[in-house]
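Architecture and fold: a report
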Amino acid sequence: AGPSLKVISTMSVGFDHLALDEIKKRGIRVGYTPDVLTDATAELSVALLLSTCRRLPEAAEQVKSGGWTTWKPLWMCGYGLSDSTVGIIGLGRIGQAVARRLKPFGVKKFLYTGSGPKPESAAEFGAEFVPLTRLAEESDFVVVTCALTPATQGMCNKDFFGRMKKTSVFINTSRGAVVNQEDLYNALAQGQIAAAGLDVTTPEPLPTKHPLLSLKNCVILPHIGSATYATRSTMAVLAANNLLAGLRGEPMPHELKL
């Protein structure tokens, strides 16, 4: 667009796809769509967690393939949320909304980590602020809902997965680059952790021959966190209003402060 570009409006809460340094240098205003997709993404995070820990895609496939035969006591057994410890990486809007939805399942304890403690947000769930290493070691379920920053890039790596319990389930609905996918593959293939559910990958779309797709204990969705009709409609209207306000030189409903 060259020098004529004055305003950018993204229909997303994430902005890691924007060249922020160049945008700031040129004085371009940026609109984005936070808040409006919190509930939809939290719902999807819980759905993905339940699908992964109770092996729903694998079980549905057994019905289709004829694997469902006589009753067997331990066939298709997974892991439940009751009396569990859930670790949330990034207790922001979406992280809190996930915890709010998981609490009624009988979760015994919530742990969280991030850039710093959030006592007011954590109080609702009695969540304890802990270092990343302790969260990995003690959690039965790890849910990643943080933003992608230089500090969080590749944070879930070999060391992280090595600290997790063999019965633990890992869920990522934030950004694919928070996870070292090669390390995750090895952890899943070697039984270091029980299962993983991902709504985000690197790259997107994930190539159909990617090693992670060969694993039965890995559920991968095509980045559909905010994909409800109502949410996407609200996001579209907000993105349009951000753009129009920017072009008029008015305050945007949601402007990214650079």
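This is a predicted model, so every value here is computed, not measured.

The step from Thr-202 to Pro-203 runs through a cis peptide bond, and the omega angle for that step is -5°. With respect to the secondary-structure elements, Pro-203 resides in the loop between β8 (195–198) and β9 (218–220). Backbone geometry at Met-76 places phi at a positive 60°, although glycine is not the residue there. Among the structural elements, Met-76 can be located in the loop between α3 (56–65) and β3 (85–89).

Applying the stated criterion across every chain yields a total of 6 aromatic pairs. Here a set of aromatic residues connected by ring pairs shows up, and it is made of Phe-160, Phe-161 and Phe-170. Lying across the ring of Trp-75, Lys-72 places its NZ or CZ 5.1 Å from the centre.

With that settled, consider the layout of surface pockets. It is the rolling of a water-molecule-sized probe over the atoms that shows where space remains empty. Considering only enclosed or pocket space, the largest pocket measures out at about 1200 Å³ in volume. Among the secondary structure elements, those contributing two or more residues to the lining of the largest pocket are α4 (93–102), β4 (109–113) and α9 (229–248). For the lining of the largest pocket, the per-class residue count stands at 19 nonpolar, 18 polar and 7 charged. Counting only domains with at least three residues in the lining of the largest pocket, you end up with domain 1 (7–32 + 228–256) and domain 2 (37–64 + 77–220). Its boundaries defined by the atoms lining it, the second largest pocket holds a volume of some 190 Å³. The greatest single-element share of the lining of the second largest pocket, amounting to 4 residues, is contributed by α3. Tallied by class, residues from the lining of the second largest pocket come to 6 nonpolar, 2 polar and 3 charged.

Scoring rules and cut-offs
Residues numbered from 1 in each chain as written. Predicted model: local features only at pLDDT ≥ 70, side-chain atom pairs only at ≥ 80, totals over all residues. Heavy atoms only, no water. Helix = DSSP H or I, 4+ residues; strand = E, 2+ residues; numbered from the N terminus. Phe/Tyr/Trp six-rings, centres within 6.5 Å; stacked < 30°, edge-to-face > 60°. Lys NZ or Arg CZ within 6 Å of the ring centre and 35° of its normal. 1 Å grid on protein atoms, 1.4 Å probe; cavity = no way out; pocket = protein on both sides within 12 Å on 5 of 7 lines; lining within 4 Å. Points joined across faces, edges and corners; volume = space filled by probe spheres on them. Nonpolar A, V, L, I, M, F, W, Y, C, P; charged D, E, K, R; others polar. Domains from an automatic or database assignment.

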